[in-house]
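Coordinate analysis (summary)
Below are the chains, spelled out letter by letter.
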Protein chains: 4
Amino acid sequence: MTHVCLADLERAVRDVLPGEIWDFLAGGSGTEASLAANRSALDRVFVVPRMLRDLAGSTTEADLLGRPAAVPVVVAPVAYQRMFHPEGELAAARAAGEAGVPYVIPTLSSVALEEVAAVGGRSWFQLYWLKDEKRSLELVRRAEDAGCEAIVFTVDVPWMGRRLRDMRNGFALPESVTAANFDAGTAAHRRAEGVSAVADHTAREFAPATWESVAAVREHTDLPVVLKGILAVEDARRAVEVGADGIVVSNHGGRQLDGAVPGVEVLAEIADAVSGGCEILLDGGIRCGGDVLKAVALGASGVLVGRPVMWGLASAGQDGARQVLDLLAAELRDAMGLAGCDSVSAARGLATKVLRYG
Amino acid sequence: MTHVCLADLERAVRDVLPGEIWDFLAGGSGTEASLAANRSALDRVFVVPRMLRDLAGSTTEADLLGRPAAVPVVVAPVAYQRMFHPEGELAAARAAGEAGVPYVIPTLSSVALEEVAAVGGRSWFQLYWLKDEKRSLELVRRAEDAGCEAIVFTVDVPWMGRRLRDMRNGFALPESVTAANFDAGTAAHRRAEGVSAVADHTAREFAPATWESVAAVREHTDLPVVLKGILAVEDARRAVEVGADGIVVSNHGGRQLDGAVPGVEVLAEIADAVSGGCEILLDGGIRCGGDVLKAVALGASGVLVGRPVMWGLASAGQDGARQVLDLLAAELRDAMGLAGCDSVSAARGLATKVLRYG
Amino acid sequence: MTHVCLADLERAVRDVLPGEIWDFLAGGSGTEASLAANRSALDRVFVVPRMLRDLAGSTTEADLLGRPAAVPVVVAPVAYQRMFHPEGELAAARAAGEAGVPYVIPTLSSVALEEVAAVGGRSWFQLYWLKDEKRSLELVRRAEDAGCEAIVFTVDVPWMGRRLRDMRNGFALPESVTAANFDAGTAAHRRAEGVSAVADHTAREFAPATWESVAAVREHTDLPVVLKGILAVEDARRAVEVGADGIVVSNHGGRQLDGAVPGVEVLAEIADAVSGGCEILLDGGIRCGGDVLKAVALGASGVLVGRPVMWGLASAGQDGARQVLDLLAAELRDAMGLAGCDSVSAARGLATKVLRYG
Amino acid sequence: MTHVCLADLERAVRDVLPGEIWDFLAGGSGTEASLAANRSALDRVFVVPRMLRDLAGSTTEADLLGRPAAVPVVVAPVAYQRMFHPEGELAAARAAGEAGVPYVIPTLSSVALEEVAAVGGRSWFQLYWLKDEKRSLELVRRAEDAGCEAIVFTVDVPWMGRRLRDMRNGFALPESVTAANFDAGTAAHRRAEGVSAVADHTAREFAPATWESVAAVREHTDLPVVLKGILAVEDARRAVEVGADGIVVSNHGGRQLDGAVPGVEVLAEIADAVSGGCEILLDGGIRCGGDVLKAVALGASGVLVGRPVMWGLASAGQDGARQVLDLLAAELRDAMGLAGCDSVSAARGLATKVLRYG
Ligand SMILES: Cc1cc2nc3c(=O)[nH]c(=O)nc-3n(C[C@H](O)[C@H](O)[C@H](O)COP(=O)(O)O)c2cc1C
Ligand SMILES: Cc1cc2nc3c(=O)[nH]c(=O)nc-3n(C[C@H](O)[C@H](O)[C@H](O)COP(=O)(O)O)c2cc1C
Ligand SMILES: Cc1cc2nc3c(=O)[nH]c(=O)nc-3n(C[C@H](O)[C@H](O)[C@H](O)COP(=O)(O)O)c2cc1C
Ligand SMILES: Cc1cc2nc3c(=O)[nH]c(=O)nc-3n(C[C@H](O)[C@H](O)[C@H](O)COP(=O)(O)O)c2cc1C
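What counts and what doesn't
Residues numbered from 1 in each chain as written. Chains lettered and ligands numbered in written order. Predicted model: local features only at pLDDT ≥ 70, side-chain atom pairs only at ≥ 80, totals over all residues. Heavy atoms only, no water. UniProt positions renumbered as here; feature names shortened; annotations may be inferred. Helix = DSSP H or I, 4+ residues; strand = E, 2+ residues; numbered from the N terminus. Rg over C-alpha atoms; globule rule 2.2 N^0.38 Å. Buried < 20%, exposed > 50% of the residue type's maximum accessible area, 1.4 Å probe, protein only. Contact = heavy atoms within 4.5 Å. Areas by Shrake-Rupley, 256 points an atom, 1.4 Å probe, with all protein chains shown as cover. Lys, Arg positive; Asp, Glu negative; His and termini not counted. Charge placed at Lys NZ, Arg CZ, Asp CG, Glu CD. Near = heavy atom within 4 Å. Polar contact = N/O pair within 3.5 Å; in protein donor to acceptor, adjacent residues only side chain to side chain. Nonpolar A, V, L, I, M, F, W, Y, C, P; charged D, E, K, R; others polar. Buried area = accessible area lost by both parts, 1.4 Å probe. Salt bridge = Lys/Arg side-chain N within 4 Å of Asp/Glu carboxyl O. Phe/Tyr/Trp six-rings, centres within 6.5 Å; stacked < 30°, edge-to-face > 60°. Lys NZ or Arg CZ within 6 Å of the ring centre and 35° of its normal. Disulfide = S-S within 2.5 Å. Least-squares fit on C-alpha atoms with pLDDT ≥ 70 in both. Patch = residues over 30% accessible without salt bridge, like charges linked within 9 Å, V, L, I, M, F, W, Y side chains within 5 Å. Expected span 1.5 Å × (residues − 1). Bend = angle between axes of the 7 residues up to and from the residue. pLDDT = per-residue confidence, 0-100. Pairing = 2+ DSSP bridges.

Chain A appears in an unreviewed UniProt entry as Alpha-hydroxy-acid oxidizing protein from Umezawaea endophytica. Recorded in UniProt under Sequence similarities (unreviewed entry), the annotation for chain A is "Belongs to the FMN-dependent alpha-hydroxy acid dehydrogenase family." Under Cofactor (unreviewed entry), UniProt gives the following word-for-word description of chain A: "FMN".

Written as structure tokens, this is what we have:
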């Protein structure tokens, strides 16, 4: 059957992925209030479309960190993608390359970052702060050497949030999947009742990053630095002050602080406060082109998409991931035109209304 | 069984129409968020009725584009009405005539506009912008010659929105139904998996209209011109500036931009901004006389009704369509009186409260 | 089984009353949006209780139209109470007398008003405006002569609203039940498909009242006059101007204009505007003592209760109706004390918060 | 099975406790609107977490009434804990001691307060006002002598609210459980249809407290006095004026006035008004560490937790109660860190957003 929207892929994949891997992918932390709120927040935003404007020469092209992307979409960093498909990050990165959008290689990539970067296309590197600062900066250097165009420094993970599904499942990585960017030890594979081995592993390897860690990264590289996981206006302002080139307004897909406000709810305020000081990306719950349009109308330069690309990957590897990105692009083209926007920057001017229904 | 409200007809028809034709009629685009919101928006509006005012000589009569209608209701343009009943637009137009309300003949009428106009009553012509401007203006001229009283220029369809139901159904027109106003080719009848043939067909035939297209129509005819599909205050103002005689505040029944704000939510603001500069009609989700009262209280001169008239048509042809219009008229008469209004203009002064329940 | 709240009685009665009589009692007009909103509006009001105030000498006694009632509760006028129990209005009025609260005898009483008034206790007379003004004023005179203490002039019924349940049921009065206050003819007993005989009957007998009708009543009697069915602030103000002694802020239990705002939503505003110029009662959806407390906190002197008293009547005649009023009184006593109020006027000072949950 | 959150324990216990004891524990008064609202109010609060702040030396330690607690959590007074486990208050108090948090011994303790206080750890004594003031003050003196550190004077119980579940169950105490702090008579054990024997018993024993009762307690003891059950800003201000050391903003877990506003909804306002004049605790619906974080962010020094500790007690006595407190502590540690807070006072500075979803 043809998939006419991303939810079709979600359903298909939920039925075939092993339960605990589905749970790892789909779940959030705690009561999953923030996970649910990410969607609710987008559902409440309505757009006021414009009519009769010239659509000749329309383009969805976007400038992301100074370079063009086919659409204002980035593949979000997602750990251990070989859990979803044997080719993991390689397949997903190739799909992103074909689709003309940046791919963020995770620190917890299950394929070495150099191999992923080698598939071509634009790649960015997502950094988790390791217990040893030197090793952290080494990762940055390796990413730079491998041709990554930016460092996406994830700042909302001093440790992993309490993902109850994983704890209930006593979840551990399958034997065949490992953190390929460094010598990861065996902790992520050790099953124990009531414990997420993945959380346990990151607690051993990672340390809470601070503004000093950001300064260290900033000094260490000339690549653009993007702070991923900002929700407070003050933190956004400080990001600009310390020389960040961008931020991702995000609650980490509802996987860190349960009860954290959805990015959508603070986006406009942050865009206002930052007013061009750095690039603003949004993630969390983006499920169709119309959601991308909403994010842009509220002030984002573009969005990151996490789970949906994994649905594509799980369903048909590179082709599946590509199908997801193509659907998003087609939907965005449609939505922009129907809203009277011939470019992403035209979409930034659209009015929105927050309505509460249901 | 007697039908005591329009929802009774809806249920009856849903059970007998072929599934994919029902879906074509009932469906919206994307997640159908705007479709659902059209109803939710009306459900949240409550009216503050007035008491003890003189109701002797009460009338539901309305002035629409300078001429009287029995009620402030217009039959909305709906494509391909022969899908719902063999007599299609002829039956529906006759019903409108009997009920004393204008009927909008669609560009995509399945009966030639001249034949439909010939049934008598008031008819308006709905214009889609064809790829060739000359052919578009020819349609306008034919409508004028056939006695149509107004041109309803639909401005929210640069192309058809993504109607997922139709895509899932691989929907195409039945052989016996065609676009009768022009040589339409075979595209609308070509079934393909995952594709709406109707959307495909309109993509081939229609071009995005612009404000220049409006100017061309405005110059080409002396008939009143109504722009259908306006949601932004700025577009409403511009409509007045370019000499439009009316606008339809509408998100096209939730069938174009999924996530577009419901007309009801912007109506009062637009009525305020336009303040009499042109006539303001509303459509989307009108399902009873009380909804008409709400629309008028919020600033509309009247409403368009789409799907319900088709339920009537599908259930019993001309009689069925007539029954729908009669029910609406009876309900409106009731609602106006219970709200203390002896005329449509009295209803325009009613206060409303937007409440969020459920 | 003991009934610990009114909802227990409702459930019990729903299971035993003939379906169409239940529907007549329970139903509202149209989509029953106003009926549902009456409850939702009350559910959203939360009270800020006070603590540690002296409760010695607490009383629920209220002053209603210048005379004391045991609680600020009035039995609302409900037509044709012999449908619910053979003793009908007699049983209900006796229960009200025992409970120390006024009973409103309806124009459409199924026992002659003189007989009902004769049971003792406080009775008020509810007036519908008959086609013939003289006959209307005759009713007023008869009520006065029978010892009624007030005229409750219902102003929101120029005709009966569209009660779809009754229309679907083709509802007519049982043979044994008639409008006992006047020669009512047979219309209310004539069954026809899709028609409510009761609505049909009132359409024949009643005429829309106007402010002039109010003036006529005002001149005709020295009894206090209460206008029942006011929702607009302007109408409340005018009621004071024309010498009304009270108003009932009410949407007629959701039975007249479907989409009419619930009284609770406009009560505070009206209380403010009227500021003591006349007595303000509320009705619609009062189902427990806590609801009475909310109404008083929002500015009412008291409430009318309709359906619940009929549940009691239907379940056990006079004793059942009495049980309802006793439960309400016990609940109110409890709620007042827990909110720190030793009197109804103390309750009028309570703060409220409107919260939206669920 | 491991319990990964408190709701796991709730489910487990609901399945094994006798129905009427479960109902006594879980239920609220009336329609349970305030009970439900306690949760809804917390669910609507979202936190704006801060990033990249130094978490070295993080602590959840809190100052409660001038002394340290391991977390800003207090075990709420809950009557008759031997109903949930044979060791009742002894087991629960020991668990609190192990967890390093204060335990509030109820007036209606099923173990004598001296025995409970003797288990060690911090204990506070909860006071209900007995009919005889002298006996009330005697309780205070006994608590002081037994080493209790504070008097928690419950001010929202002039009598017990109408708990319909208990009334339906004709609930009475099991023979083996009694009010151990005084000679309680037999009323609480006398079953009668439609009556809660526990409510009946308290009506016989307790009297409505007033501000004078508070003054009497204030004079009678040098221990800190905390008023439990404050919801109005004026009452909070007066508490400070009469020398209270703290207040518990609370609607008594939805068990007293049904329709009383949830504490969460008035907390910020009260914290503002009191501005440090006394300590502010919150209770009602706290079910995870994230809820504690929300309470602190809104202005509380800490929270009381009622039912969840009883779930633990019922499931595994002292160990179970301890497990509840440990889970809360672990969750709070997690939430504070993910929100960038190294201390409870840092958490007090967090911004919140009230969002309405669902
Ligand atoms: C299974 C999974 C693994 C993730 N791994 C990482 C990661 O390693 N690093 C990171 O910064 N974010 C990670 N994220 C968060 C995503 O980058 C992104 O913020 C989030 O998924 C966006 O929400 P969406 O999935 O609703 O699009 C992960 C998310 C998921 C679902
Ligand atoms: C099946 C269907 C076909 C439609 N075709 C057209 C059309 O050809 N031209 C047009 O301007 N609007 C068209 N519309 C939109 C209607 O004119 C109208 O805006 C909408 O149906 C109003 O909402 P309602 O159906 O909820 O009353 C169509 C709507 C439906 C449901
Ligand atoms: C079955 C029924 C009959 C009624 N008949 C009358 C009537 O004859 N006159 C009148 O003024 N109101 C009438 N009412 C309205 C009530 O007086 C009152 O406004 C309404 O029932 C209050 O709402 P409640 O039923 O939710 O308490 C009737 C209501 C019901 C339910
Ligand atoms: C079964 C039960 C018994 C209670 N007994 C008392 C009591 O004796 N004294 C008192 O002040 N509060 C009592 N409370 C109220 C609690 O102290 C506390 O305010 C409430 O339970 C907090 O809400 P939570 O249960 O949602 O945490 C009781 C609560 C419950 C559930």
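Back to the write-up after that little detour.
On to the overall build of chain A. Each helix and strand counted, chain A has 14 helices and 12 strands in total. For 358 residues, the compact-globule estimate of 2.2 N^0.38 gives 21 Å, and chain A sits close to it at 19 Å. Projecting the C-alpha coordinates of chain A onto the three principal axes gives extents of approximately 60 × 50 × 40 Å. Within chain A, the fraction of its 358 residues that count as buried is 67%. Considering only residue pairs separated by 6 or more positions, chain A has 72% of its internal contacts joining residues 24 or more positions apart. Here chain A has roughly 11,600 Å² of accessible surface; of this, 48% comes from carbon and sulfur atoms. Within chain A, the 47 negative side-chain charges are centred at a point lying 4 Å from the centre of the 35 positive side-chain charges.

Turning our eyes to something else, we now look at the site of ligand 4. Residues and elements named next belong to chain D. Around ligand 4, a shell composed of 21 residues is seen, among which Pro77, Thr154, Asp283, Gly285 and Arg287 lie nearest. Within the side chain of Arg287, one N or O atom sits 2.8 Å away from an oxygen atom of ligand 4. Compared with its free state, where it exposes 600 Å², ligand 4 has 99% of that area covered by protein. In terms of residue class, the shell around ligand 4 is built from 8 nonpolar, 8 polar and 5 charged.

As a further point, take the interface of chain D and chain C. Every contact between the two is made by 39 residues of chain D and, on the other side, 30 residues of chain C. Both faces considered, chain D and chain C share a buried interface measuring about 2,900 Å² in area, 65% of it formed by carbon and sulfur atoms. For the pair chain D and chain C, the interface holds 3 salt bridges. In this structure, Glu269 of chain D engages Lys353 of chain C in a salt bridge whose closest nitrogen and oxygen atoms are separated by 3.2 Å. The tally of links from chain D across to chain C stands at 11 residue pairs in polar contact (both at pLDDT 80 or more). Here the side of chain D that touches chain C gets 6 residues from one element, more than from any other, and that element is helix H3 (residues 33-44) of chain D. A breakdown of the residues in the side of chain D that touches chain C according to their chemical character gives 21 nonpolar, 8 polar and 10 charged.

It is worth spelling out the side chain of Ser29 of chain A at this point. Residue and element names in this part refer to chain A. With respect to the element layout, Ser29 can be found in the loop between helix H2 (19-26) and helix H3 (33-44). One polar contact links the side chain of Ser29 to the main-chain amide nitrogen of Asp258, over a distance of 3.5 Å. For Ser29, the contacting residues outside a window of four places in its chain are Gly161, Arg162, Arg163, Gly254, Arg255, Gln256, Leu257 and Asp258.

Residues and elements named next belong to chain B. In this structure the tally under the stated criterion is 16 aromatic pairs over all chains. On the numbers, 5.9 Å between centres and 80° between planes, the contact of Phe46 with Tyr357 is edge-to-face. On the criterion of sequence distance, the pair formed by Phe46 in strand S1 (residues 45-48) and Tyr357 in the segment after strand S12 (351-354) is long-range, its members being 311 residues apart. A relative accessible area of 19% means that Tyr357 is categorised as buried. In this structure, Arg255 is placed above the aromatic ring of Phe24, and the distance from its NZ or CZ to the ring centre is 5.1 Å.

Okay, the state of the cysteines next. For the structure shown, the criterion picks out 0 disulfides over all chains. Cysteine Cys5 of chain C is unpaired, with the sulfur of Cys288 of chain C as its nearest cysteine sulfur at 8.6 Å.

To continue, consider the site of ligand 1. Residues and elements named next belong to chain A. Near ligand 1 there are 21 residues, and of these Pro77, Thr154, Asp283, Gly285 and Arg287 occur at the shortest range. Tyr128 places a polar side-chain atom, nitrogen or oxygen, 2.9 Å from a nitrogen atom of ligand 1. Lys228 places a side-chain nitrogen or oxygen 2.9 Å from a nitrogen atom of ligand 1. Coverage of ligand 1 by the protein amounts to 98% of the 600 Å² it exposes when considered alone. Residue composition of the shell around ligand 1, by class: 8 nonpolar, 8 polar and 5 charged.

Between the two chain copies there is a screw-like relation: a rotation about an axis and a shift along it. The operation relating chain C to chain B is a screw motion whose rotation component is 90°, with 0.0 Å of axial translation and a residual RMSD of 0.0 Å. This pairing of chains is accounted for by a four-fold axis. Of all interface residues in chain C, a mere 5% are interface residues in chain B too; the two copies therefore contact each other through different surfaces.

In this assembly, 40 residues from chain C lie in contact with 32 residues from chain B. Roughly 2,800 Å² of surface becomes buried between chain C and chain B when both sides are summed, with 65% attributable to carbon and sulfur atoms. Across the contact surface, chain C and chain B share 3 salt bridges. Across the pair Arg50 of chain B and Asp235 of chain C runs a salt bridge, and its minimum N-O distance is 2.9 Å. Between chain C and chain B we count 11 residue pairs in polar contact (both at pLDDT 80 or more) in total. Of all the elements in the fold, those that place two or more residues in the side of chain C that touches chain B are helix H3 (33-44), helix H7 (164-169), helix H9 (211-220), strand S8 (225-230), helix H10 (233-241) and helix H11 (263-274) of chain C. Looking at the side of chain C that touches chain B element by element, the count peaks at 6 residues for H3 of chain C. Across the side of chain C that touches chain B, the residue classes break down as 21 nonpolar, 9 polar and 10 charged.

Looking now at the relation of the copies chain D and chain C. Screw-axis analysis of chain D against chain C gives a translation of 0.0 Å along the axis, an RMSD of 0.0 Å, and a rotation angle of 90°. The fraction of interface residues of chain D whose copies in chain C are also interface residues is only 3%, indicating that the copies meet through different surfaces.

Residues Asp54 of chain A together with Asp132, Glu133, Glu138 and Glu212 of chain B make up a contiguous surface patch of negative charge. Positionally, Glu138 of chain B belongs in helix H6 (residues 133-146).

A rise of 1.5 Å per residue sets the reference length of helix H13 (residues 307-338) of chain C, with its 32 residues, at 46 Å; its end C-alpha atoms lie only 27 Å apart and thus fall more than 12% short of the reference. Of all bends in H13 of chain C, the biggest is about 145°, found at Ala316 of chain C.

Attention shifts here to the UniProt feature "binding site: glyoxylate" (unreviewed entry) in chain A. All names here are of chain A. The residues that UniProt annotates with the feature "binding site: glyoxylate" (unreviewed entry) are Tyr128, Arg163, His252 and Arg255. Its location among the elements puts Tyr128 in the loop between strand S6 (123-127) and helix H6 (133-145). Look at Tyr128 and you get buried, because its relative accessible area is 11%. Apart from the residues within four sequence positions on either side, Tyr128 is in contact with Thr107, Leu108, Thr154, Val157, Phe206 and His252. In this structure, His252 sits in the loop between strand S9 (246-249) and helix H11 (263-274). With a relative accessible area of 12%, His252 lands in the buried category. Those residues in contact with His252 that sit more than four places away from it in its chain are Tyr128, Thr154, Asp156, Val157, Arg163 and Lys228.

By secondary structure assignment, the location of Thr210 of chain D is in the loop between helix H8 (197-205) and helix H9 (211-220). By relative accessible area, Thr210 of chain D is classed as buried at 17%. Residues in contact with Thr210 of chain D, not counting those within four places in the same chain, are Leu52, Arg53 and Asp54 of chain C.

Residues and elements named next belong to chain C. Burial analysis of helix H12 (residues 289-297) places 9 of its 9 residues in the buried class, which makes it a mostly covered element. Turning to H12, its buried residues number three or more, namely Gly289, Gly290, Asp291, Val292, Leu293, Lys294, Ala295, Val296 and Ala297. Positive backbone phi, approximately 120°, marks Gly299, located one or two places after H12.

The next point concerns the pattern of salt bridges. Counted according to the given criterion, the structure contains 76 salt bridges over all chains. A salt bridge links Asp8 of chain D to Arg168 of chain A, with the nearest nitrogen and oxygen atoms 2.4 Å apart. Placement of the pair is Asp8 of chain D in helix H1 (residues 6-16) and Arg168 of chain A in helix H7 (residues 164-169), with the two residues belonging to separate chains. Of the charged contacts in the structure, one is a salt bridge between Arg165 of chain C and Glu32 of chain C, with a shortest N-O distance of 2.9 Å. Linking Arg165 of chain C in helix H7 with Glu32 of chain C in the loop between helix H2 (19-26) and H3, this pair joins segments that are 133 residues apart in sequence.

Here the focus is the confidence of the model for chain A. Summary statistics for chain A give a mean pLDDT of 97 and a share of 99% for residues scoring 70 or more. The complex prediction reports pTM at 0.98, with the ipTM value standing at 0.98.

All names here are of chain C. Along S8, 6 of the 6 residues are buried, which leaves the element largely enclosed by surrounding structure. Relative to S8, strand S7 (residues 151-154) is paired through 4 bridges, and the arrangement is parallel. Among the inter-strand pairings, Ile151 is bridged to a residue of S8, identified as Val225. Where S8 and strand S9 (residues 246-249) come together, 4 bridges link them in parallel fashion.

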